[in-house]
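Secondary and tertiary structure notes
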Amino acid sequence: MELIEETPYRFRVERHGDMRVPGMVFASRALLSSGEAQKPLEQVANVATLPGITEASFAMPDMHWGYGFPIGGVAATDVRRGGVVSPGGVGFDISCGVRLLASDLGRDALRPILEQLMEGLNRSVPHGAGRGAVWKLSGPKEMAALLGEGSRYAVEQGYGTDTDLERCEDYGAVGDAVPEQVSERAVQRGLEQVGSLGSGNHFLEVQVVTDVYDNEAAEAFGLREDQVCVMIHCGSRGLGHQTCTDHVRTIEKRMPRHGLRVPDRQLACAPVDSPEGRAYLGAMAAAANYSRANRQLLQAAASRTFQETTGRSLEMVYDISHNLAKVETHEVDGELRELCVHRKGATRALPPGHLDLPAGLAKVGQPVLVPGSMGTSSYVLTGVPDGAAFHSTCHGAGRQQSRHQAARATRANELRADLLKQGVVVRGASARGLAEEAPAAYKDVSAVVEAAEGGGLCRRVARLAPVGVVKG
DNA sequence: ATGTTC
């Protein structure tokens, strides 16, 4: 695949074959040579063939290979011009995302109680594959309420405050959720997993703010140097996974009926304005709300332990998803259009002044939370005026080794010792899980963020370094 | 990511 360098941080894939629009890759030469670039670039080109795709098939600097779409892919389809929705453009972990909490504790005060805090968090925050969660739902009826209301439902039940909801994307719940579109099997899988981290790259980290790049934005977000924070990264567990599986199956079956053909069956799609398309979006919104409630409950569990151990409270900074499709209005060619924006391993980055922002953030823009790999930095970014890719940016470091490669190349015990030497306490991780998540398996998150900023997608606000990790 | 191959 030939890449044309338009700027040091933006590369173009010319239209070829059935591509309806070009590919636009935000990256650097160095990032493009880290890991396998050819396979995700082919996926960028494949996505460009989707009916109704507008402007370009975009990839963020943390791009890597995924199911159908690349992870780090952004694609917007025009709803009124035959635009499609594709579950592969959201991914299996629907509304997987990050919640950041901040305390008024400094790093020195934490040091003597860090071990005790990590022990407590390891006990109070359910993690790992399979069972164990903060809640066990009474049944499908309670599940329907949660799928409709997301974090709001958790807050109604006493797990948080209205102030928390103000700092959640969509004020804690995606609208137009259709709980009936979540299958019985998905509901069954989800009943005993609300309030659990899961496994893989999901984690809870205790972090310290090491750098502030933008004082005004950091202050609006409630962040300042040397502050102890807690970051939670998790998703919609088995319920989201099952929901994706179910709807991919239906949508794939109905494609001939709509006369739709795609270069890769993992790009199965349906017109947004079709029964299958609407059914998927309703189910996706419901699964997204499960993910939002999940993070609200984990916040409550972590806050309680943090309060007991340190005597301080944790305040909400923001909660943002990086796997979601949204129908949004954007100006294209001087005309307002209704677009279905798929962000898969990509984060919305609302600019200052956007109407969807709460009053406290209107002046500076929306916080973008970018978790790094284990033992490295995480970043807080914000949106910029005229942000490219429909106001989207990166979501993390991005894999450069497959799970299998990483597991083979890493000795878990050595990694654990190395992290401890760096001052990072790790709890809960299985040997296999730890090895798969080795920092060497990921791109350099600082290089990713530099490319995202250089490409005009966002700007940096703060950097955080981990001191403790709870993993599945 | 995921009851890591319905």
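Residues numbered from 1 in each chain as written. Chains lettered and ligands numbered in written order. Predicted model: local features only at pLDDT ≥ 70, side-chain atom pairs only at ≥ 80, totals over all residues. Heavy atoms only, no water.

Some words on the protein's contact with DNA strand B
Worth spelling out the cut-off: If even one non-hydrogen atom of a residue comes within 4 Å of a molecule or strand, that residue is called near it. Here a polar contact is recorded for every N or O atom pair within 3.5 Å, except that within protein the pair must consist of a potential hydrogen donor and a potential acceptor, and residues adjacent in sequence are included only if both atoms are side-chain atoms. Comment: elements are numbered from the N terminus, with helices defined as DSSP H or I runs of at least four residues and strands as E runs of at least two. In this classification, Asp, Glu, Lys and Arg are treated as charged, Ala, Val, Leu, Ile, Met, Phe, Trp, Tyr, Cys and Pro as nonpolar, and every other residue, Gly included, as polar.
Residues in close proximity to DNA strand B total 15 residues, the closest being Arg189, Gln193, Gly200, Asn201 and Arg403. When atoms of DNA strand B within 4 Å of the protein are sorted by moiety, sugar and phosphate together comprise 48%. Between DNA strand B and the protein, one listed contact pairs a phosphate oxygen with a backbone N or O atom of Ser199 at 2.9 Å. Within the side chain of Arg237, a nitrogen or oxygen atom sits 2.9 Å from a phosphate oxygen of DNA strand B. Elements with a contribution of two residues or more to the surface near DNA strand B: helix 8 (184-190) and helix 10 (237-254). It is helix 10 that provides the largest number of residues to the surface near DNA strand B, a total of three residues. Of the residues belonging to the surface near DNA strand B, the class tally is one nonpolar, eight polar and six charged.

Some thoughts on the pairing of strand 4 (residues 57-64)
The side chains of a regular strand alternate between both faces of the sheet. Short version of the rule: Accessible area is worked out with a 1.4 Å probe on protein chains only. A residue is then buried under 20% of its type maximum, exposed over 50%, and partly exposed in between. At least two DSSP bridges between two strands are required for those strands to pair.
For strand 4, the buried fraction is high: eight of the eight residues fall into the buried class. Pairing analysis gives three bridges linking strand 3 (residues 23-26) to strand 4, with the strands arranged parallel. Across the sheet, Gly23 pairs through a bridge with Ser57, a residue of strand 4. Bridge count between strand 4 and strand 5 (residues 71-78): three bridges; the pairing is antiparallel.

A few points about the UniProt feature "active site" (unreviewed entry) in chain A
The line we're drawing: UniProt positions are given in the numbering used here, feature names are shortened, and annotations may be inferred rather than shown by experiment. The contact definition used throughout considers only heavy atoms, calling two residues in contact when any of these lie within 4.5 Å.
Per the UniProt record, "active site" (unreviewed entry) is found at His395. You can see His395 is positioned in the loop between strand 17 (392-393) and helix 13 (403-409). Under the relative-accessibility criterion, His395 is labelled buried at 11%. Contacts of His395, omitting those with residues within four sequence positions, involve Asp62, Ile71, His322, Gly345, Ala346, Thr347, Leu369, Val370 and Pro371.

Section: the packing of helix 10 against helix 11 (residues 275-310)
What counts is decided by this rule: Angles run from 0 to 180 degrees between N-to-C directions of axes, and those axes are lines fitted to C-alpha atoms, restricted for helices to the stretch in contact. Throughout this description, any angle smaller than 35 degrees is read as roughly parallel, any larger than 145 degrees as roughly antiparallel, any in the 65 to 115 degree range as roughly perpendicular, and the remainder as oblique.
Between helix 10 and helix 11, the least distance of the axes is 9 Å, while the angle of their chain directions is 170°. Classed by the angle they form, the pair helix 10 and helix 11 counts as roughly antiparallel. Listed contacts from helix 11 to Arg237, Leu239, Gly240, Thr243, His247, Ile251 and Arg254 of helix 10 are Glu276, Ala279, Tyr280, Ala283, Ala287, Tyr290 and Asn294. Split by residue class, the contact of helix 10 with helix 11 holds seven nonpolar, four polar and three charged.

Looking at a positive patch on the surface
What counts, and what does not: Only residues whose relative accessible area exceeds 30% and that form no salt bridge are eligible for patches; like-charged ones are grouped when within 9 Å, while nonpolar side chains (Val, Leu, Ile, Met, Phe, Trp, Tyr) are grouped when within 5 Å. In this description, accessible areas are obtained by the Shrake-Rupley approach with a 1.4 Å probe, and a residue is regarded as covered only by the protein chains that are shown. Salt bridge, as used here: a side-chain nitrogen of Lys or Arg that lies within 4 Å of a carboxyl oxygen of Asp or Glu. The charge count includes Lys and Arg as positive and Asp and Glu as negative, but it does not include His or the ends of the chains. Here the site of a charge means NZ on Lys, CZ on Arg, CG on Asp, or CD on Glu.
A cluster of basic side chains, namely Arg185, Arg189, Arg249 and Lys253, defines a positive patch on the protein surface. Where the positive patch is concerned, the elements lending two or more residues are helix 8 and helix 10. By the secondary structure assignment, Arg249 is in helix 10.

A short note on the sheet that holds strand 1 (residues 4-7)
With respect to topology, seven strands assemble into an open sheet ordered 1-2-3-4-5-13-12, the strand pairing being mixed. The open sheet has two edge strands with one neighbour each: strand 1 and strand 12 (323-332). Averaged over all pairs of adjacent strands, the angle between their axes in this sheet comes to 25°, without regard to strand direction. Lying over the sheet, helix 2 (residues 38-47) contacts strand 3, strand 4 and strand 5, oriented at roughly 160° with respect to strand 4.

With respect to the UniProt feature "binding site: Mn(2+) 2" (unreviewed entry) in chain A
Inclusion rule: Points on a 1 Å grid, built from protein atoms alone, make a cavity when a 1.4 Å probe fits but cannot get out and make a pocket when they are open with protein on both sides within 12 Å along at least 5 of 7 lines; residues with an atom within 4 Å of a point are the lining residues.
In the numbering adopted here, UniProt assigns the feature "binding site: Mn(2+) 2" (unreviewed entry) to His233 and His322. In three dimensions, the annotated residues from a span of 90 residues occupy one location, with a maximal C-alpha spread of 10.4 Å. Among the annotated residues just listed, those lining the largest cavity are His322. With respect to the helices, strands and loops of the structure, His233 is situated in strand 9 (residues 227-234).

Observations concerning the packing of aromatic side chains
Note the threshold: Here is the rule: rings of Phe, Tyr and Trp (six-membered ring for Trp) pair when centre to centre is within 6.5 Å. Planes less than 30 degrees apart are stacked, more than 60 are edge-to-face, and the remainder are tilted. By definition here, charges over rings are those cases where NZ of Lys or CZ of Arg is within 6 Å of the ring centre and within 35 degrees of the ring normal.
Counted according to the given criterion, the structure contains five aromatic pairs. Both rings, one in Phe26 and one in Phe58, keep their centres 6.3 Å apart while their planes meet at 25°; by these two values the pair is stacked. Taken together, the residues span a long stretch of sequence, with Phe26 in strand 3 and Phe58 in strand 4 at a distance of 32 residues. Here the aromatic rings of Trp135 and Tyr153 are separated by 5.8 Å at their centres, their planes lie at 80°, and the arrangement is edge-to-face. A residue pair is termed long-range when its members are at least 10 positions apart, and Trp135 in the loop between helix 4 (114-124) and helix 5 (140-149) and Tyr153 in helix 6 (residues 151-156) qualify at 18 residues. For Trp135, a relative accessible area of 10% corresponds to the buried category. Put simply, the rings of Phe26, Phe58 and Phe390 pair up and form one aromatic cluster. For the cation-ring pair, Lys39 lies above Trp65, with the distance from its terminal atom to the ring centre recorded as 5.1 Å. Seen from the ring of Tyr213, Arg460 lies directly overhead, with NZ or CZ sitting 4.5 Å from the centre.

Comments concerning empty space enclosed by the protein
Here is the rule we go by: Grid points are joined across faces, edges and corners, and a volume is the space filled by probe spheres set on the points.
Taken as a whole, this structure holds two cavities of 30 Å³ or more when the rule is applied. In this model, the largest cavity occupies a volume close to 70 Å³. Looking at the largest cavity, the residues that line it are Glu169, Ile320, Ser321, His322, Asn323, Leu324, Lys326, Arg343, Ala346 and Arg348. Taken together, the elements giving at least two residues each to the lining of the largest cavity come down to strand 11 (315-321) and strand 12. The element that contributes the greatest number of residues to the lining of the largest cavity is strand 12, accounting for three residues. The residue makeup of the lining of the largest cavity, split by class, is three nonpolar, three polar and four charged.

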